[in-house]
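Survey of secondary and tertiary structure
Here are the chains, one letter per residue:
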Amino acid sequence: MTEPAGQPYEYARRTLTEPDWTRLPGWRTITAQQWDSAQWQRVNCVKNIKQLRAVMGDLLDDAFYADLETDQQRLATMSMLVTPQMLNTMVPDGEITTEAFYADPIRRYMIPVATDRHLDWPSHPHATRDSLHEHDMWVAEGLTHRYPTKVLAELLSTCPQYCGHCTRMDLVGNSTPAVDKLKLTLKPVDRYDAHLKYLKEHPGVRDVVVSGGDVANVPWKQLETYLMGLLNVPTVRDIRLATKALMGLPQHWLQPDVVEGLNRVAITAQRRGVNLAVHTHVNHVNSLTPTVARAAQMLLEVGVRDVRNQGVLMRGVNATTKDLLDLCFGLQGEAGILPYYFYMCDMIPHAEHWRVPVWYAQQLQHDMMGYLPGYATPRIVCDVPFVGKRWVHMVSEYDREHGISYWTKNYRTSIEADDAEALSKLHAYYDPIDTLPESGQDWWRKQVAE
């Protein structure tokens, strides 16, 4: 008699744990009180190789630091900034060795090194530093109006931590040798007033994503004033706060002044019938700890309607069915965070080693179905330049040999008001070239040579 074949994915509950930070030489004397302090976390962020050495001691070989320095000097689009909370979730179990650190999924996108990247194709020929053209669609400084009923409000250009794959690498963070960043020029109060003025003058906008950077870096009184201003615009019905700090710096969202202030905002939103949600950005289950779950629960307790996760699909990080399902069960079942989207990594410079082809994303979407509750089954989306988010199965045409997919749209962006053909055009998106058959790679080599 043959043995049962089993399921492609076997669920096993994984309760959340907080890795022991004292296993790292530089933090052996750090107390729980210090660790739980948002101020301590911010002050002790790792910003350079010297500081990483101080934390890791002799656990990593010199070759790793040389690899990291090469990347920082030549290829990195984001400067180095890692919170202790995030660094502590790298190699959470077992012996920390150079090999284990290289292989760690969170390290691979938070502390990228030169040998991670593809030497043949570090960037796609069509990669751009503002791949979604958000800056082109600014209707006021930091206010992107791409979708008819929604805007993106970039309040500032900093985060508590910088992800190597950041889609806003043209604006967010410090300049690097590879990228001279854009700068916000207005005073915050003037920038925020311009946002509110635009919203009052455009009642068709009902949904505001408040982002940056990261709203956790906006002083709370300043952020509360901005949110209350949004709540005074009667046509705004949805407000979403975007913060990776819920995972990377959960201590921030547990501070009494933030908790009390968010409660005031949430009560006002409820009274006015406005949906207030928090969107975070978790890419791997190892990032979920009891502190993250406690912060997410606090958001819900003070009146935030939903806490949702928008991850990014990346090779070497989470681009397997098991990794995605493990993460989603951790989010939904253990942390109280709803899996929402996984974006395909955008076509920014030096990101080819992270990106996946459309067909692979389609397969992952297929393979995830049926395991999670329907309401907690995330959609994998492709954010197509000049089009916006599209489920990966919505592709209109697909040339697999050359890795070119074509997509349609059903609305005009703010820069297409006078384009009569905007809705009939096909818009291209490109698979990473190293995933193409050899004939496709040869074709691209010829395109570049010409």
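Now for a description of the structure that goes with this document. (Residues numbered from 1 in each chain as written. Predicted model: local features only at pLDDT ≥ 70, side-chain atom pairs only at ≥ 80, totals over all residues. Heavy atoms only, no water.)

So, about the overall build of the chain. Counting secondary structure elements, the chain contains 16 helices and 13 strands. With respect to the principal axes defined by its C-alpha atoms, the chain has extents near 60 × 60 × 60 Å. The burial tally for the chain puts 57% of its 450 residues in the buried class. Put simply, 75% of the contacts in the chain that link residues at least 6 apart link residues at least 24 apart. The average position of the 45 basic charges and that of the 54 acidic charges among the side chains of the chain differ by 7 Å. (Helix = DSSP H or I, 4+ residues; strand = E, 2+ residues; numbered from the N terminus. Buried < 20%, exposed > 50% of the residue type's maximum accessible area, 1.4 Å probe, protein only. Contact = heavy atoms within 4.5 Å. Lys, Arg positive; Asp, Glu negative; His and termini not counted. Charge placed at Lys NZ, Arg CZ, Asp CG, Glu CD.)

This next bit is on the environment of threonine 17. Structurally, threonine 17 is set in the segment before helix H1 (32-35). Between the C-alpha atom of threonine 17 and that of aspartate 71, which follows or precedes it by 54 residues, the distance is 32 Å. Each residue touching threonine 17, except ones within four places of it in the same chain, is listed here: Leu288, Thr289 and Pro290.

Strand pairs in the sheet, formed through backbone hydrogen bonds, run parallel or antiparallel to each other. Strands sit in the order S1-S2-S3-S4-S5-S6-S7-S8-S9-S10 across an open sheet of ten strands; the sheet is mixed. At either margin of the open sheet sits one strand with a lone partner, and together these are strand S1 (138-140) and strand S10 (388-391). (Pairing = 2+ DSSP bridges.)

The end-to-end C-alpha distance of helix H12 (residues 256-271), which contains 16 residues, comes to 23 Å, matching closely the 22 Å that a straight helix rising 1.5 Å per residue would cover. What H12 keeps buried is the set Val258, Val259, Gly261, Leu262, Val265, Ala266, Thr268 and Ala269. In this fold, the buried residues of H12 make contact with helix H9 (220-231), strand S5 (238-242), helix H11 (250-253), strand S6 (275-280) and helix H13 (290-301). Once H12 ends, the next one or two residues include glycine 273, with phi positive near 70 degrees. (Expected span 1.5 Å × (residues − 1).)

Most of strand S9 (residues 379-384) is tucked away, with five of its six residues classed as buried. Assessed by its sense of winding, the connection that carries the chain from strand S8 (residues 338-344) through helix H15 (residues 358-368) to S9 is right-handed. Where S9 meets S10, four bridges bridge the pair, whose relative direction is antiparallel. Looking across to S10, one finds that aspartate 383 is bridged to lysine 389. Counting the residues that bridge the hairpin from S9 to S10 gives three residues, and of these phenylalanine 386 lies at a positive phi of roughly 70 degrees. (Right-handed = clockwise from strand over helix to strand, strands pointing away.)

The next point concerns the nonpolar core. Formed by 135 residues in total, the largest nonpolar core has its most connected members in Leu52, Leu87, Tyr109, Ile111, Val210, Ile239 and Trp253. Tallying contributions element by element places helix H14 (residues 321-335) first for this core, with seven residues. Once residues within four sequence positions are removed from consideration, isoleucine 111 is found in contact with Leu52, Phe64, Leu68, Met80, Val82, Leu87, Met90, Phe101, Ile106 and Asp116. (Core = buried A, V, L, I, M, F, W, Y, C linked by side-chain atoms within 4.5 Å.)

It is worth spelling out the packing of helix H3 (residues 49-56) against helix H4 (residues 62-74) at this point. At a closest axis distance of 11 Å, the pairing of H3 and H4 adopts a crossing angle of 155 degrees. When the axes of H3 and H4 are compared, the pair comes out roughly antiparallel. With respect to the hand of their crossing, H3 and H4 are arranged in right-handed fashion. Here Ile49, Leu52, Arg53 and Met56 of H3 come into contact with H4, specifically with Asp62, Phe64, Tyr65, Leu68 and Glu69. In terms of residue class, the contact of H3 with H4 is made up of six nonpolar, no polar and three charged. (Axes fitted to C-alpha atoms, helices over the stretch in contact; angles between N-to-C directions. Parallel < 35°, antiparallel > 145°, perpendicular 65-115°, else oblique. Left-handed = near helix turned anticlockwise from the far one by under 90°. Nonpolar A, V, L, I, M, F, W, Y, C, P; charged D, E, K, R; others polar.)

With that out of the way, let us pick up the pairing of S6. S6 sits mainly inside the fold: five of its six residues count as buried. Pairing geometry for S5 and S6, over five bridges, is parallel. Looking at S6, one finds that arginine 240 is bridged to alanine 277. Two strands pair when backbone bridges link them, and S6 and strand S7 (residues 306-313) are joined in this way by four bridges, in the parallel orientation.

Taken as a whole and assessed by the stated rule, the structure comprises 22 salt bridges. A salt bridge links arginine 168 to glutamate 134; the shortest N-O distance between them is 2.9 Å. Taken together, the residues span a long stretch of sequence, with arginine 168 in the loop between strand S3 (150-154) and helix H8 (188-201) and glutamate 134 in the loop between helix H7 (105-110) and S1 at a distance of 34 residues. Judged on exposure class, the residue arginine 168 and its partner glutamate 134 are both buried. The salt bridge partner of lysine 197 is glutamate 201, with a shortest N-O separation of 2.7 Å. Remark: glutamate 201 and lysine 197 occur in helix H8; sequence separation between them is four residues, near one turn of the helix. (Salt bridge = Lys/Arg side-chain N within 4 Å of Asp/Glu carboxyl O.)

Honestly, that's just the spatial picture; any functional story needs more than this.
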